Amino acid sequence: MSKNKEPSQYFDRSPECEVDAKLPNSYGHDRISRELQHGRLLAQCGAGEIWNWESPAGKLRWARRVKMLSSHLKPGMTVLELGCGTGYFTQELARSGADVVAIDVSPELLEMARGNCSAPNVHFQIENAYELSYGDAVFDSVVGSSVLHHLEIEKALRDIYRVLKPDGTIYFTEPNMLNPQIAVQKNIPWIKRKLGDSPDETAFFRWPFRRLLEGTGYRDVRIEPFDFLHPKTPAPLINGVDMLGCFLENLPVVSEFAGSLYIRAVK
């Protein structure tokens, strides 16, 4: 794919989403190989179960993230979704009317995403998120749920910045390393394996991540901790735990230990 591609060249207006057949040459990298293996595991074992989107609490958490990632989108915008996986969020992003390019490293997950999405304003492609093949200043927004912590983050943020138009935005939700469970899960290898994580994924501390974004050139950076609702919360307790969580999110210090970070910034 040419670095000079314009939006009209890579958006397919046909009603069927497509998956590109070829991987970039750089996919021989060990880290990429491990992510490809992880993608096959997710496809075989059920991505929704491993990602905890299928439980009653998981569905509530998913719906909240949909609003966080899509509320700014409008018809006519060009949007890049990083790490689309099986298309859980893609089909909701498409409802905005924006033109969506949804990328992932895993052919298996993209094939599942294709089956889950038939929107005419969505185009699926295999891409390395830190060696994007698109031209400079192409996208109005780049979004993603729980994807940046899988990547070589400095490279990814630079390439995301490159493909954003001036005043373009990023919207991401990512795990918070200050959360005790997240800290254990991301730093103890056997627990990582047990919970279905890939070997290289991590989580972020919000203040160093803010400095990293600003150092890359992003401005108006906002990173907010959120989400005290655990996906395994029993259904009868969900409403109460969710209300308590919303209260805790507004408490100084306590809020820093929430499970996730809501990340927004402007080029």
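This text follows the structure it describes.
Small disclaimer: the values here were computed from a predicted structure and weren't measured.

Student: Kindly report on the overall build of the chain, identifying the contributing residues and their values.
Tutor: Each helix and strand counted, the chain has 11 helices and seven strands in total. Sequence separation of 24 or more characterises 73% of the internal contacts of the chain that already satisfy a separation of 6 or more. For the chain, the accessible area works out to roughly 12,300 Å², and carbon and sulfur atoms hold 55% of it.

Student: So, the side chain of Ser 141: which residues are in play, and what are the values?
Tutor: Here Ser 141 is to be found in strand 4 (residues 139–145). Residue class for Ser 141 comes out buried when judged on its relative accessible area of 0%. In terms of polar contacts, Ser 141 uses its side chain to reach the side chain of His 72, at 2.8 Å. Every residue in contact with Ser 141, bar those within four places of it in the chain, is listed here: His 72, Leu 73, Met 77, Thr 78, Val 79, Leu 80, Leu 164, Thr 169 and Tyr 171.

Student: Requested: an account of unusual backbone geometry, with residues and values cited.
Tutor: Of note, Ala 137 is a non-glycine position whose phi angle comes to about 55°, a positive value. Tracing the backbone shows Ala 137 in the loop between strand 3 (122–126) and strand 4. Positive phi is not limited to glycine here, since Asp 167 has a value of about 70°. Turning to its location among the elements, Asp 167 is positioned in strand 5 (residues 164–175). Given the relative accessible area of 53%, Asp 167 is considered exposed.

Student: So what's going on with the pairing of strand 5? Which residues, and what values?
Tutor: When you tally the buried positions in strand 5, you get nine out of 12 residues, the bulk of the element. As defined by bridge partners, strand 4 adjoins strand 5 across six bridges and the pair is classed as parallel. What sits directly across from Phe 139, in strand 5, is Leu 164. Examined bridge by bridge, strand 5 and strand 7 (residues 260–266) share seven bridges and lie antiparallel to one another. Its bridge partner being in strand 7, Tyr 171 is matched across the sheet by Arg 264.

Student: Explain the packing of helix 7 (residues 153–163) against helix 10 (residues 206–216) residue by residue, including any values.
Tutor: At a minimum axis distance of 10 Å, the contact between helix 7 and helix 10 shows a crossing angle of 45°. Our classification of the angle between helix 7 and helix 10 gives oblique. In this structure, helix 7 crosses over helix 10, and the sense of that crossing is right-handed. Mapping the contact onto sequence places Ile 153, Glu 154, Leu 157, Arg 158 and Tyr 161 in helix 7 and Phe 209, Leu 212, Leu 213 and Thr 216 in helix 10. Considered class by class, the residues forming the contact of helix 7 with helix 10 number six nonpolar, one polar and two charged.

Student: Please provide a residue-by-residue account of the pattern of salt bridges, values included.
Tutor: Going through the model one piece at a time under the given rule, you end up with 17 salt bridges. Between Arg 206 and Glu 256 there is a salt bridge; the shortest N-O distance is 2.5 Å. Within this pair, whereas Arg 206 is found in helix 10, its partner Glu 256 is found in the loop between helix 11 (238–248) and strand 7, the two being separated by 50 residues in sequence. Taking the relative accessible area as the measure of exposure, Arg 206 reaches 16% and is therefore buried. Judged by its relative accessible area of 16%, Glu 256 is buried.

Student: How would you explain the environment of Leu 212 if you had to name every residue and give the values?
Tutor: As for its placement among the helices and strands, Leu 212 is situated in helix 10. Along the primary structure Leu 212 and Glu 154 are separated by 58 residues, whereas in three dimensions their C-alpha atoms are 7.7 Å apart. Residues in contact with Leu 212, not counting those within four places in the same chain, are Ile 153, Glu 154 and Leu 157.

Reading the values: rules and limits
- Residues numbered from 1 in each chain as written.
- Predicted model: local features only at pLDDT ≥ 70, side-chain atom pairs only at ≥ 80, totals over all residues.
- Heavy atoms only, no water.
- Helix = DSSP H or I, 4+ residues; strand = E, 2+ residues; numbered from the N terminus.
- Contact = heavy atoms within 4.5 Å.
- Areas by Shrake-Rupley, 256 points an atom, 1.4 Å probe, with all protein chains shown as cover.
- Buried < 20%, exposed > 50% of the residue type's maximum accessible area, 1.4 Å probe, protein only.
- Polar contact = N/O pair within 3.5 Å; in protein donor to acceptor, adjacent residues only side chain to side chain.
- Pairing = 2+ DSSP bridges.
- Axes fitted to C-alpha atoms, helices over the stretch in contact; angles between N-to-C directions.
- Parallel < 35°, antiparallel > 145°, perpendicular 65-115°, else oblique.
- Left-handed = near helix turned anticlockwise from the far one by under 90°.
- Nonpolar A, V, L, I, M, F, W, Y, C, P; charged D, E, K, R; others polar.
- Salt bridge = Lys/Arg side-chain N within 4 Å of Asp/Glu carboxyl O.

No statement about biological role is implied by the geometric values presented.
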